[in-house]
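# Chain and residue survey
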Amino acid sequence: MSGVQTIRITGDEGDQRLDRWLKKRFPQLTQGAVEKMCRTGQLRVDGGRVKANARIEAGQEVRVPPLPETSGEERPATRTRSSKVKQSDVEMIQQAVIWRDEHIIALNKPPGLPSQGGSGQGDRHVDGLTEALMFGYKDRPKLVHRLDKDTSGVLLLARTDRVARALSEGFRHRNTRKIYWAAVAGVPHPRMGSIKYGLVKAPGRGRMGEGEKMICIHPSEVAETEGAKRAHSDYAVLEALGTRVSWVALVPVTGRTHQLRAHIAETGHPIIGDGKYGGSGQENLGDGWGAQLGGEISRKLHLHARSISFEHPITKKMVTVTAPLPEHMQRTWQTLGWNENDVPADPFEEI
């Protein structure tokens, strides 16, 4: 059993029912237990008796009586609602959480796991695993944006519709900053710049998902090309191994499908492991083309959403979340002698 606790309601916890606030704080509590504590006077707000449905305000102090201990910080995911999620997937997606508070969850999405279901994506995807990310809250968290199936890195989910809308607005108005890391064939020149080709979907669909491939359109031809949209990406070379391969930071100023992959490939420097935009050839002698390096280097896509910075919709403070490299990229970095601590977090800061 825990001891008596006195908890002050913070600014972002106010204006909600006492029972709901308490069950978020202590997921092991049932509604009946909360009502009993109120009925017997064990649970008090600012020293006075309250009902379970009383509304609490910022600055109030809640006296919480001794509570039964649990085996973990939150209610075990395996006990949520007649779950259909496999225990191995529960553990995998919970281990992917790299930051969270009462409003937002940030994942380091593993490569190979789709963000959502869709054509050819099957039933196993982040959106389908959100039951394991409830952590005692009533509702499943909601995806705010997406990453390609084979792209790893920071992915945000919101606990409420209100927070989801606010974060989505941040993306729409470009108030949210995302930095990606990639290993690319060859070395882009100049070593820092912008790519502003428009993008349009390739015709047809095909067995390999060719219909999802994007074609780059010269900026002067975007207006007259049906379906084309303007797109803008910034890039900076962080390290290079001769002329054969380089470590590049990428920022999607706009947010089009496959934007970074198509843009950097159009410069002649496709992302390592990107068969869709760089071909599957192993030959890459330094001229850029050929998305495979061979040898010990993994054939998986080397594109990672390294960090995201956004204004918190509730606290209004700036939050930056950084995701460690996935295992296959860690091995590549080690093979090439690159260290993630040797480069600036934001190489575009002083531009």
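Residues numbered from 1 in each chain as written. Predicted model: local features only at pLDDT ≥ 70, side-chain atom pairs only at ≥ 80, totals over all residues. Heavy atoms only, no water.

Looking at an unreviewed UniProt entry, one finds the chain named Pseudouridine synthase, with Paracoccus sulfuroxidans as its source organism. As stated in UniProt under Function (unreviewed entry), the record for the chain gives "Responsible for synthesis of pseudouridine from uracil." Annotation of the chain in UniProt includes, under Sequence similarities (unreviewed entry), the sentence "Belongs to the pseudouridine synthase RluA family." (UniProt positions renumbered as here; feature names shortened; annotations may be inferred.)

Spatial strand order, 1-6-3-4: four strands in an open sheet with antiparallel pairing. Of all strands in the sheet, those bounded by a partner on one side alone are strand 1 (5-8) and strand 4 (48-49). Where strand 3 (residues 44-45) lies against strand 4, two bridges are found, and the strand directions are antiparallel. For Arg44, the partnering residue across the bridge sits in strand 4 and is Arg49. Across the sheet, helix 1 (residues 18-25) touches strand 1, strand 3 and strand 6 (61-64), and the angle it forms with strand 6 is around 60°. (Pairing = 2+ DSSP bridges. Helix = DSSP H or I, 4+ residues; strand = E, 2+ residues; numbered from the N terminus. Contact = heavy atoms within 4.5 Å. Axes fitted to C-alpha atoms, helices over the stretch in contact; angles between N-to-C directions.)

Once that is clear, we can look at the environment of Arg261. Residue position: Arg261 is located in helix 5 (residues 259-266). Remark: the alpha-carbon pair of Arg261 and Ala182, spanning 79 residues in sequence, is separated by 9.6 Å. The residues touching Arg261, leaving out its near neighbours within four places in the chain, are Asp148, Ile271, Asp274, Lys276, Tyr277, Leu301 and Leu303. Side-chain polar atoms of Arg261 contact the side chain of Asp274, separated by 2.9 Å. (Polar contact = N/O pair within 3.5 Å; in protein donor to acceptor, adjacent residues only side chain to side chain.)

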